[in-house]
Each structure stands twice: as structure tokens, then as C-alpha cells.
Amino acid sequence: MDIMTPRQTDILALARTQGRVVVEDLAARFNVTPQTIRKDLNELCDRRLLQRVHGGAVAGSGVENLGYEARRLIAQDEKRAIGRRAAELVPDSSSLFINIGTTTEEVARALQGRSGLVVITNNINVANLLRPEPHIEVIVAGGVVRRSDGGIVGEAAIDFFNQFMADFAVIGASAIDESGALLDFDYREVRVSQAIMANARHVILVADRGKLERTAPVRIGHISQVHTFVTDVLPSDRLARICRESGVRVEELFPDRAAEPDPQD
């Protein structure tokens, strides 16, 4: 296919604006069958313009992340639920690291109103969410601030985290491979995340099922380095087995969704 149809052009534009497109929504928007939309998405994915995920597709590739605002629109309800559950795992009067990510921001949002916390972060958005809280102390890493997402990266940020030993670390990842590898796009961010994991007593990974449907080029570490994995659903039997064998506690919030079909032409 050398030329995209007008509908496919519109689908691609929507995906780049919103971050993710959903089969049923597109079928209603263009007044065609879901099967027709799945064919469009598969053709766009074959051309590497989109990446197929459960129920639809995302704009992006395995070498470049989506824009931050677009990522905020993806799986919003799932991220909020994951954020609330992860926050429940952190008791008052404890210290925790929170790294860069839209899901980790939802954890910070769920921590509002809590008491006696010391939050150490390289995420400007997390700092802004928790700064007004009278009973939470916020400590922010120094380093280079990325304009794209407010993340602080670089050698100074690594040295900063190596000064602490926190009770908890709340981390996100851009992708999770079925082998258990935790992946991201920016090697500078990965090195900061590695320092965070190395200096926490209990590591909580927060990620929705969409992270299992993506890939990224830089390795953060392995899921066996995590103590608790909070997700909406874990559809991969292989990854679930790795978690069991590694002693990783999996908090699966909507396990019934694992059986939901996603037929593709």
C-alpha cells in the first residue's frame, strides 16, 4: 500500500494528537465496522506509523516515546486506579522515591492529604502536586530538566539519589518485555531509575497492561528487582510466572479483563 486512504490519514492524525486510538470509537466516528478499522490499523502498523495495542493502537515506535501530554491521555482510568492502590501500599511517616512518568504522577496525586511523608523525586510534576501539602516534605533532585516532561536527569541527579536510602521507590517504565526486562527510551533517565531502585528498601513498579504491548531500547533492569508490581491486568502467563518465581507480589486490579477478546483481521 503506497498511499493512505483519507480515513487512514485521519486515524493517524488522531493517534498523533491523542496518543492512542480505540477501535470502537473509530468505528463510530467514521461510521464503518470495527473489522474495517482493524484492517486500517493493521496496515498503518505494517508501515510502522502506529503500534498495535489491546483495543486499538498508539502513535510511537520502539525507539521514540510518545509526547508527554499524549501519554497522559492513554489508559487514564487504569492509571488512576493503579496510583490509588500503590499509594495505599505506602504508610504514613515513611520516605519514598518517585520517578518520572504519568502513572507515578497518579501515585503522587493519591498521596495528597497524607501525613509524615518524605518524597524524593526527579519529577517536577510530582513536586508541584505535593508541594502545597502541609504534612509532606518534598525534596527535588538537581540536574538537567527536560522540557518535554519536567523530568530531571543527568549525573547530578544520580549522585543525588545515591545520598539516600528510602523506605519505598515508586517507579514506572515505558515498556515491559515478556522476559521481565523493564525498558525505557532515554539512557539518562534509565541511569537515574537504576539509582532509585538501588537505594530503596521496597520497590513498587506501577504500569498498565499497555506497557506489555510496547517496546523501548534501553534496559532499566529486570522485574525480579521489584518487590510489588501494581497493574490493571497482567495478561502474559510468561511474565506472571517470572513474577511468581522471583517472589514479586503482583497487585492485579482488574484480572477479569485479561479474558477480553481483541480480534484482529
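Going by what an unreviewed UniProt entry lists, the protein is known as DeoR/GlpR family DNA-binding transcription regulator and is assigned to Azospirillum isscasi.

**Student:** Hey, could you go over the side chain of T228 for me, with residue numbers and the actual values?
**Tutor:** Its place among the elements puts T228 in strand β14 (residues 228–231). The exposure class of T228 is buried, given its relative accessible area of 3%. In this structure T228 touches L89, H202, V203, I204, L205, V248, R249 and E251, once residues within four positions along its chain are discounted.

**Student:** A description of the sheet that holds strand β10 (residues 175–176) should follow, citing residues and the corresponding values.
**Tutor:** Spatially, the three strands line up as an open sheet ordered β10-β11-β13, and their pairing is antiparallel. What marks the edges here is a single partner per strand, and that holds for β10 and β13 (218–222). By the bridge criterion, two bridges tie β10 to strand β11 (residues 181–184) in an arrangement that is antiparallel. Within the sheet, the bridge partner assigned to A175 lies in β11 and is L183. Sitting on the sheet, helix α9 (residues 187–198) is in contact with β11 and β13, with an inclination near 15° to β13.

**Student:** So what's going on with the packing of helix α2 (residues 23–30) against helix α3 (residues 34–46)? Residues and values would help.
**Tutor:** Where α2 meets α3, the closest approach of the two axes is 9 Å, and the angle between their N-to-C directions is 110°. Overall, the two elements α2 and α3 adopt an arrangement that is roughly perpendicular. Crossing geometry of α2 relative to α3 is assigned as right-handed. Counting all contacts with α2, which are made through V23, E24, L26, A27 and F30, the residues of α3 involved are P34, I37, R38 and L41. Residue composition of the contact of α2 with α3, by class: seven nonpolar, no polar and two charged.

**Student:** Could you give an account of helix α5 (residues 76–88), with specific residues and numbers?
**Tutor:** If you check α5, its first and last C-alpha atoms are 19 Å apart, about what 13 residues at 1.5 Å a residue would give, namely 18 Å. All buried positions along α5 are accounted for by E78, K79, A81, I82, G83, A86 and A87.

**Student:** Can you tell me about the packing of aromatic side chains, naming the residues and giving the values?
**Tutor:** Aromatic ring pairs: the centre-centre distance and the angle between the two ring planes describe each pair. Under the criterion given, the structure shown has four aromatic pairs. A ring pair is formed by F97 and F161, whose centres lie 5.2 Å apart and whose planes are at 85°; its orientation type is edge-to-face. Here F161 lies in helix α8 (residues 155–161) and F97 lies in strand β4 (residues 95–98), a separation of 64 residues in the sequence. Classification of F97 by relative accessible area gives buried; the value is 0%. On the numbers, 6.5 Å between centres and 85° between planes, the contact of F97 with F164 is edge-to-face. Separated by 67 residues along the polypeptide, F97 in strand β4 and F164 in the loop between α8 and β9 (166–171) bring together distant segments of the chain. Joined through ring pairs, the aromatic side chains of F97, F160, F161 and F164 make up one cluster.

**Student:** How would you sum up the pairing of strand β5 (residues 117–121)? Please name residues and give values.
**Tutor:** For a regular strand, the rule is simple: side chains alternate between the two faces of the sheet. Burial analysis of β5 places four of its five residues in the buried class, which makes it a mostly covered element. Across five bridges, β5 lies against strand β6 (residues 136–140) in parallel orientation. Looking at β6, one finds that V119 is bridged to V138. Traced from β5 through helix α7 (residues 124–130) to β6, the parallel crossover comes out right-handed.

**Student:** Lay out the sheet that holds β5 with the relevant residues and their values.
**Tutor:** Strands sit in the order β6-β5-β4-β9-β12-β14-β15 across an open sheet of seven strands; the sheet is parallel. The open sheet has two free edges, formed respectively by β6 and β15 (249–252), since each of these has just one partner strand. Each strand axis lies, on average, 20° off the axis of its neighbour in the sheet, ignoring direction. In this fold α5 packs onto β12 (200–206), β14 and β15, with an angle of close to 150° to the strand it touches most, β14. Contacting β4, β9 and β12, α9 crosses the sheet at an angle of about 130° to β12.

**Student:** How would you summarise the pattern of salt bridges if you had to cite specific residues and measurements?
**Tutor:** Oppositely charged side chains are able to pair whenever their charged atoms sit close together. By the definition in use, this model includes 14 salt bridges. Close ionic contact of R85 with E88 constitutes a salt bridge, the shortest N to O distance being 2.8 Å. Within this pair, R85 and its partner E88 are both found in helix α5, separated by three residues, close to a single helical turn. On the accessibility criterion, R85 (21% relative accessible area) is partly exposed. Two residues, R188 and D186, come together in a salt bridge whose shortest N-O distance is 3.0 Å. One salt-bridge network, in which partners are shared between bridges, spans R146, D149, D186, R188 and E189.

**Student:** Describe the nonpolar core, and please don't skip the residues or the numbers.
**Tutor:** Residues F97, F161, I176, L182, L205, I223 and F229 are the most contacted members of the largest nonpolar core, which totals 35 residues. In terms of residue count, α9 provides more of this core than any other element does, five residues in total. For L182, the residues in contact, after removing those within four places along its chain, are A173, A175, I176, L205, V218, R219, I220, G221, H222, I223 and V226. I82, A86, I98 and A108 belong to the second largest nonpolar core, which has 21 residues in total.

Analysis parameters
- Residues numbered from 1 in each chain as written.
- Predicted model: local features only at pLDDT ≥ 70, side-chain atom pairs only at ≥ 80, totals over all residues.
- Heavy atoms only, no water.
- Helix = DSSP H or I, 4+ residues; strand = E, 2+ residues; numbered from the N terminus.
- Buried < 20%, exposed > 50% of the residue type's maximum accessible area, 1.4 Å probe, protein only.
- Contact = heavy atoms within 4.5 Å.
- Pairing = 2+ DSSP bridges.
- Axes fitted to C-alpha atoms, helices over the stretch in contact; angles between N-to-C directions.
- Parallel < 35°, antiparallel > 145°, perpendicular 65-115°, else oblique.
- Left-handed = near helix turned anticlockwise from the far one by under 90°.
- Nonpolar A, V, L, I, M, F, W, Y, C, P; charged D, E, K, R; others polar.
- Expected span 1.5 Å × (residues − 1).
- Phe/Tyr/Trp six-rings, centres within 6.5 Å; stacked < 30°, edge-to-face > 60°.
- Right-handed = clockwise from strand over helix to strand, strands pointing away.
- Salt bridge = Lys/Arg side-chain N within 4 Å of Asp/Glu carboxyl O.
- Core = buried A, V, L, I, M, F, W, Y, C linked by side-chain atoms within 4.5 Å.

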